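The chain contents come next:
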Amino acid sequence: MKKPGPKLAASATRLPKCPTGIQGLDEITDGGLPRGRPTLVCGGAGCGKTLLAAEFLVRGAVQFDEPGVLMAFEETEKELKANVASLGFDLEGLVRRKKIVVDYVHVERSEMQESGEYDLEGLFVRLGHAIDSIGAKRVVLDTLEVLFASLPNEAVLRSELRRLFRWLKEKGVTAVITAERGRESLTRHGLEEYVSDCVILLDHRVNDQIATRHLRVVKYRGALHGTNEFPFLIGDDGISVLPITSLALNHQVSTERIATGVPRLDAMLGGKGFFRSSSILLTGTAGTGKTTISSNFAHAAARRGERVLFFSFEESPNQIVRNMHSIGLQLEPLVKRRLLRFHSQRPSLYGLEMHLATMFKEIAAFQPQVVIIDPITSLMDLGTVSEGKGMVTRLIDYLKAGQVTTLFTSLTQGGHALQQSESGMSSLMDAWILLQDFEGNGERNRVLYVLKARGMAHSNQIREFLISDHGIDVVDAYIGASGVLTGSARVAQGDLEKAAVLASQQEAAQLKREVERKRKALERQIGDLRADYETEALELRRIAEQVGTRTLLLGTERTASGILRQADAKVAASTRSKAKPGRKI
Amino acid sequence: MKPKAIKCATPLWQLRLYVMDETPKSVTALTNLKKFCETHLKGRYRIKVIDLAKEPQLAKGDQILAIPTVVRKLPKPVRTIIGTLSDTEHLLVGLDLRAAV
């Protein structure tokens, strides 16, 4: 007993809604059309009123088990069945299974004469009977305004219409009434004054030769709703409205990192590559290697076993496969293994919305982990800047919700400032890598740098990258006096440095030789000196020996002579010692 | 006796009057129609009154929107007059009994 309390309170505060089942419309209207009330759908010829109404009924019957009545004033039952069959709706089968009743109301003015008073009780009877026969919850009146042409008395018609809408409310059916757009009012015959709960306006505009349909909820009494104009399209599975602002910023984020396929680029992105489910922008002028880097990324992802969907708006799949083959990237086996899938389309084939819907459908069917859009600018050129941005936002929201990593390439015009031309998109991107041409020395060289990478440490360096038949090679660019040196200038700089090294090596060798020479000279000197010394020493020894010998000889001689003159010697000795005192005398 | 003889000479008029219950408009229409037929088509008409309150499924067949409605099934082509049939002139025109002025 306690639990139902808050539930009841919640349902009481909120207007009951009747989901249409139409993609996007329920998001804009926050759940669908007002349940049990009539909704007016108005718009010009060919803008999809009948289709919207029919889809509302068919989806009601198929998805929500709410049978419906289609009262057609313009098209016969047969025509209607054929028309909606082209959108994949089996109206015929639904009629047979008593899920839908189609009643074609036809009034030919020329066959009818008015005489006296009348009312439109016949219409009520028919509608009432149709509703009761299948227990219908939904009613479509397409296009009620035809009655204004068929019935002569407008005053009667107006009062009866007023009664009709009241009656529909009493019946509790959710009704959709279509009406032709008027010149100054929403509808040609002012039906909006009777249907005041919800008014949806459809519009079909041609911009730059490309037609786009728009839907706007003009009025929704008692409920919040998106008031913007939303593009919608009619595809082969019905209408899809593409709300730009309906998605909130609450995507799940991943901390997983995935490699770019170019190891040096991974290194520049904190060593690990991009975050999974991030959106990456790759900008560059023509021929800077956007497709090549994207293909590398695709190749790396597919090699990891991930599914990659490659939208190409410039080249055919075969062309990309061939071109990548020339730089040693084998994409074909991956295509065969169904890991890589190309989707090529000319941008001008149809409008932005249709492209977007086609892409959504492809993505839903292939369930890729990586999506590459090459280049997004081709698509953005189809619409105005705001439309383009809206489209990219929707695409990113859609892909992020599905945890898909997306690489957008963007072709920038030569003359524009890069940052400026991408201002529409860049704020939506998590990582932005810029490819650029450097002209100089009579050549063009490619460089890349990471302009931004949210949530990771990334290199601030400008790197040159080379595309050779082995693939992409990122090399350091030399920073010289005149800026970054690339290509032959870089090679020349390298040579210069090599020469310098060689020169200093030579110098060192020279010095070494010099020192060696000096050492040798020194050693030679030392040798000479030692030789001199040794010679002198030898001489000295020889002299000493000579002296010794002489002394000895002298001694011997003296002894001999002493022996010879014995006394003499003593005398001599005493005379020598006596001679001194003798001098004193 | 008399209707039979006329029937041979001129075609029989088959008229259907669609009404809703016994509303004042329906009653008036039936009275007016009977009076009109007695005046202009005496003896060579048949009126079938269909009450949509009882047989709503019949409204679709003759594309009935307004109540009351008279449908001339015969002679061909089918003609439809809506209203209480109070305006005899319009009724005459509607039933091809007099060219529109």
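Structure: above.
Residues numbered from 1 in each chain as written. Chains lettered and ligands numbered in written order. Predicted model: local features only at pLDDT ≥ 70, side-chain atom pairs only at ≥ 80, totals over all residues. Heavy atoms only, no water.

## Structural notes on the interface of chain A and chain B
Listed per partner, the contact involves 26 residues of chain A and 26 residues of chain B. Across the chain A to chain B interface the summed buried area is about 2,200 Å²; carbon plus sulfur atoms make up 58%. On the chain A side of the contact with chain B, Gln113, Ser115 and Arg126 of chain A bury the most area, a combined 30% of that side's loss. If you look at where chain A meets chain B, you find one salt bridge. A salt bridge links aspartate 119 of chain A to lysine 25 of chain B, with the shortest nitrogen-to-oxygen separation between them at 3.3 Å. In terms of residue count, helix 6 (residues 121-134) of chain A provides more of the side of chain A that touches chain B than any other element does, six residues in total. Note that strand 6 (residues 112-114) of chain A and strand 4 (residues 79-82) of chain B share three bridges and pair parallel. What sits directly across from methionine 112 of chain A, in strand 4 of chain B, is threonine 80 of chain B. (Contact = heavy atoms within 4.5 Å. Buried area = accessible area lost by both parts, 1.4 Å probe. Salt bridge = Lys/Arg side-chain N within 4 Å of Asp/Glu carboxyl O. Helix = DSSP H or I, 4+ residues; strand = E, 2+ residues; numbered from the N terminus. Pairing = 2+ DSSP bridges.)

## Some remarks on the nonpolar core
All names here are of chain A. Core analysis: the largest hydrophobic core is formed by 44 residues, its most contacted members being Leu127, Leu141, Leu144, Leu164 and Leu168. Every element with two or more residues in this core is listed here: strand 3 (38-43), strand 4 (68-72), helix 6, strand 7 (138-142), helix 7 (146-150), helix 8 (154-171), strand 8 (174-180) and strand 9 (198-207). With seven residues, helix 8 is the largest single contributor of residues to this core. Leaving out residues up to four positions away in the same chain, leucine 168 has contacts with Leu127, Val139, Leu141, Val173 and Ala175. Leu269, Ala301, Leu329 and Leu448 belong to the second-largest nonpolar core, a separate cluster that totals 39 residues. (Core = buried A, V, L, I, M, F, W, Y, C linked by side-chain atoms within 4.5 Å. Buried < 20%, exposed > 50% of the residue type's maximum accessible area, 1.4 Å probe, protein only.)

## Some points on the sheet that holds strand 4 of chain B
Strand order across the open sheet formed by five strands is 6(A)-4(B)-3(B)-1(B)-2(B), with mixed pairing between neighbours. In this open sheet, the two strands that pair with only one neighbour each are strand 6 of chain A together with strand 2 (45-51) of chain B. Strand-to-strand twist of the sheet, defined as the mean angle between neighbouring strand axes without regard to direction, takes the value 20°. The strands touched by helix 2 (residues 24-40) of chain B are strand 1 (13-19), strand 2 and strand 3 (69-74) of chain B; relative to strand 2 of chain B, the strand with the most contacts, the crossing angle is about 175°. (Axes fitted to C-alpha atoms, helices over the stretch in contact; angles between N-to-C directions.)

## A word on helix 6 of chain A
Between its first and last C-alpha atoms helix 6 of chain A spans 20 Å; for 14 residues at 1.5 Å apiece the expected length is 20 Å, and the two agree. Across the 14 residues of helix 6 of chain A, 11 count as buried, placing the element largely inside the fold. (Expected span 1.5 Å × (residues − 1).)

## What about the sheet that holds strand 19 (residues 405-411) of chain A?
Neighbouring strands of a sheet are bound in pairs by backbone hydrogen bonds; such pairs are parallel or else antiparallel. All names here are of chain A. Here we have nine strands laid out as an open sheet, ordered 17-16-18-19-15-20-21-22-23, and mixed in their pairing. Both edges of this open sheet fall to strand 17 (340-344) and strand 23 (471-476), since each of them pairs with a single strand only. Averaged over all pairs of adjacent strands, the angle between their axes in this sheet comes to 20°, without regard to strand direction. Where strand 16 (residues 308-312) lies against strand 17, five bridges are found, and the strand directions are parallel.

## What about helix 18 (residues 487-564) of chain A?
The terminal C-alpha atoms of helix 18 of chain A lie 112 Å apart, and with 78 residues this matches the ideal 116 Å at 1.5 Å per residue to within 8%. Within helix 18 of chain A, burial applies to Gly487, Ala489, Arg490, Gly494 and Gly562 of chain A.

## Comments concerning the packing of aromatic side chains
Residue and element names in this part refer to chain A. One pass over the full model with this rule turns up five aromatic pairs over all chains. Centre to centre, the rings of phenylalanine 124 and tryptophan 167 are 5.3 Å apart; their planes meet at 70°, and the pair counts as edge-to-face. Of this pair, phenylalanine 124 sits in helix 6 while tryptophan 167 sits in helix 8, placing them 43 residues apart in sequence. Under the relative-accessibility criterion, phenylalanine 124 is labelled buried at 4%. Exposure remark for tryptophan 167: the relative accessible area of 19% places this residue in the buried category. Ring geometry for phenylalanine 165 versus tyrosine 194: centroids 6.2 Å apart, planes at 25°, classification stacked. With phenylalanine 165 in helix 8 and tyrosine 194 in the loop between strand 8 and strand 9, this pair connects stretches of sequence that are 29 residues apart. Taking the relative accessible area as the measure of exposure, phenylalanine 165 reaches 3% and is therefore buried. Take tyrosine 194: its relative accessible area is 10%, and that puts it in the buried class. Its end group placed over the ring of phenylalanine 124, arginine 163 keeps NZ or CZ at 4.2 Å from the ring centre. Across the ring face of phenylalanine 275, the terminal group of arginine 257 is positioned such that the distance to the ring centre comes to 4.7 Å. (Phe/Tyr/Trp six-rings, centres within 6.5 Å; stacked < 30°, edge-to-face > 60°. Lys NZ or Arg CZ within 6 Å of the ring centre and 35° of its normal.)

## Some words on the side chain of aspartate 62 of chain B
Residues and elements named next belong to chain B. Mapped onto the elements of the fold, aspartate 62 is located in the loop between strand 2 and strand 3. At 2.9 Å, the side chain of aspartate 62 forms a polar contact with the side chain of arginine 16. When near neighbours in sequence (up to four residues on either side) are disregarded, aspartate 62 contacts Arg16, Tyr18, Val71 and Lys73. (Polar contact = N/O pair within 3.5 Å; in protein donor to acceptor, adjacent residues only side chain to side chain.)

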